[in-house]
Each structure stands twice: as C-alpha cells, then as structure tokens.
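Here's the letter readout for the chains.
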Amino acid sequence: MRWSILGAVAVAAALSGGAISDAQAQARPPAGLNSMLLDVQEEPGRVPSPDEEQLDPTFRRQPVYFRTNEPPGTIIIHTDERFLYLVLGDNRAMRYGIGVGRDGFQWSGLQKVSRKAEWPDWTPPAEMIQRQPYLPRFMAGGPGNPMGAAALYLGQTVYRIHGTNQPQTIGYAVSSGCFRLVNSDVADLYSRVPVGTKVIIRQTPAL
C-alpha cells in the first residue's frame, strides 16, 4: 500500500490550527546547540502518536525574519542551529526544526534537490547496517518507515532531507548525515519545493 502525503499535510494543518500568521514571525535564536547530542538507534516500524509529533515551540515551523542575498525558494540549512530555512523573500523565511548528523557525520556544501519522493522506501546503507545489524535490508514506505512522509534527495549524494518516525530526535545531532523533519513539516516543505531547488548546507566550525 502506498500512503498519500496529503494525509501528513492534513495532520499538519490540524495540529497547527491553520496558516501561521506574520505576527508570529521572530528573529532566529543564536547558535549554541552543538552539545545537543542524542544516542538513539533507528526504530523501523515505530509509528509516533500525534502528541509525540508536537515539537518544543523553539522547533515548530514558523515564518521568521531572515536576511540573505539568496533568491526566494532557496533552502538554507544551519547545522549548528538545528534549523532549515526556506527563503520567502523580503527578509523572511519559513523555518523548520531539524535533526542533523551526529559527531563525525556533519557536513557542509552546495547541493540541489535532484528528486522527490512521497513515503519513500528505505534501504539502509551497508555502513549503517554494520553499526546496527538488526536493521532490515529493505523497508517499504509507510508511517513506520524511518524515512517518513517524504524525501528530498540532495544531488548525487547519499544524503536527503526527509521525515522521521522519531520526532523526539528533532533538535538533536543523531543521524548519519541526513536532515530530519517531523512528517507534517516535511510534507509542508515537499509541497513548496520543486526538483532543482538550490540547497546550501552551513556548519559553523568548532574552535
């Protein structure tokens, strides 16, 4: 059975109470989240409840003031802040809380969205299976899939912006280099972003 991403979008609307108004825009908080690490294993088959997908207010999707020279439609990821920004123009962006790569798996660079998929299948790479031998070698897309409701593939890399069945990991450094959003947020981003979108990944180097 293939699941429709529209279900995730409907959940997002219900949980947020509709569109986010301009009055809720705010300046982005300072960096300093590098200490937020989480030692957690993948949980294929786990389906989070709606209550579990309610993020801390800091990481909830919201429009914010955001100065950049990049054109509207650009995705900018601040790994150290645990935020993904979708540039809207006029010094504004839609901000999403994300989970990022754990120590040794964080990276920076310039990519583009090479393809998109709703409720994608999951084939864990060999390196991940070596670290977590209990993982399935293949898992079809669906609510219990660790890839979540949607995925945006980054160039020719193995990395993606995708959903998750572990909403408790948002705001933490836990992944193998991919960027995680709760399913309602990745569904929203998926609906706004076409293939070919420019993606900038920024990481503040440690001193």
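Rules of the game
- Residues numbered from 1 in each chain as written.
- Predicted model: local features only at pLDDT ≥ 70, side-chain atom pairs only at ≥ 80, totals over all residues.
- Heavy atoms only, no water.
- Helix = DSSP H or I, 4+ residues; strand = E, 2+ residues; numbered from the N terminus.
- Buried < 20%, exposed > 50% of the residue type's maximum accessible area, 1.4 Å probe, protein only.
- Contact = heavy atoms within 4.5 Å.
- Areas by Shrake-Rupley, 256 points an atom, 1.4 Å probe, with all protein chains shown as cover.
- Phe/Tyr/Trp six-rings, centres within 6.5 Å; stacked < 30°, edge-to-face > 60°.
- Polar contact = N/O pair within 3.5 Å; in protein donor to acceptor, adjacent residues only side chain to side chain.
- pLDDT = per-residue confidence, 0-100.
- Pairing = 2+ DSSP bridges.

Caption draft 1: Quick look at the overall build of the protein chain. A tally of helices and strands in the protein chain yields three helices and twelve strands. Counting the 207 residues in the protein chain, one finds 47% classified as buried. For the protein chain, long-range pairs separated by at least 24 residues make up 71% of all intrachain contacts whose partners lie at least 6 apart in sequence. Per element, the accessible surface of the protein chain, about 10000 Å² overall, is 54% carbon and sulfur.

Caption draft 2: Structural context of the packing of aromatic side chains. Throughout the structure, instances matching the rule amount to five aromatic pairs. On the numbers, 6.2 Å between centres and 65 degrees between planes, the contact of Phe 83 with Tyr 85 is edge-to-face. Classification of Phe 83 by relative accessible area gives buried; the value is 1%. A relative accessible area of 0% places Tyr 85 in the buried class. Through pairs of rings, three or more aromatic residues link up here, namely Phe 59, Phe 66, Phe 83 and Tyr 85.

Caption draft 3: How the structure looks around the environment of Arg 137. Turning to its location among the elements, Arg 137 is positioned in the loop between α2 (126-131) and β8 (150-154). Taking the C-alpha atoms as reference points, Arg 137 and Pro 124, separated by 13 residues in sequence, lie 6.2 Å from one another. Every residue in contact with Arg 137, bar those within four places of it in the chain, is listed here: Trp 122, Thr 123, Pro 124 and Ile 129.

Caption draft 4: Expanded view of the environment of Arg 192. Turning to its location among the elements, Arg 192 is positioned in helix α3 (residues 183-192). On a C-alpha basis, the gap between Arg 192 and Gly 73 in space is 8.1 Å, while along the polypeptide they are 119 residues apart. At 2.8 Å, the side chain of Arg 192 and the side chain of Asp 188 are in polar contact.

Caption draft 5: Representation of the confidence of the model for the protein chain within the structure. For the protein chain, the average pLDDT comes to 81, and 77% of its residues sit at 70 or higher. For the stretch residues 8-35, pLDDT sits under 50, and the model shows 45 contacts to residues farther than four places along the chain or on other chains.

Caption draft 6: Representation of the pairing of strand β7 (residues 109-118). As judged from the four bridges shared by β7 and strand β12 (residues 198-202), these two strands associate in the antiparallel manner. Its bridge partner being in β12, Gly 109 is matched across the sheet by Ile 201. Pairing geometry for β7 and β8, over five bridges, is antiparallel. Each bridged residue has a counterpart across the sheet, and for Lys 116 the counterpart in β8 is Leu 152.

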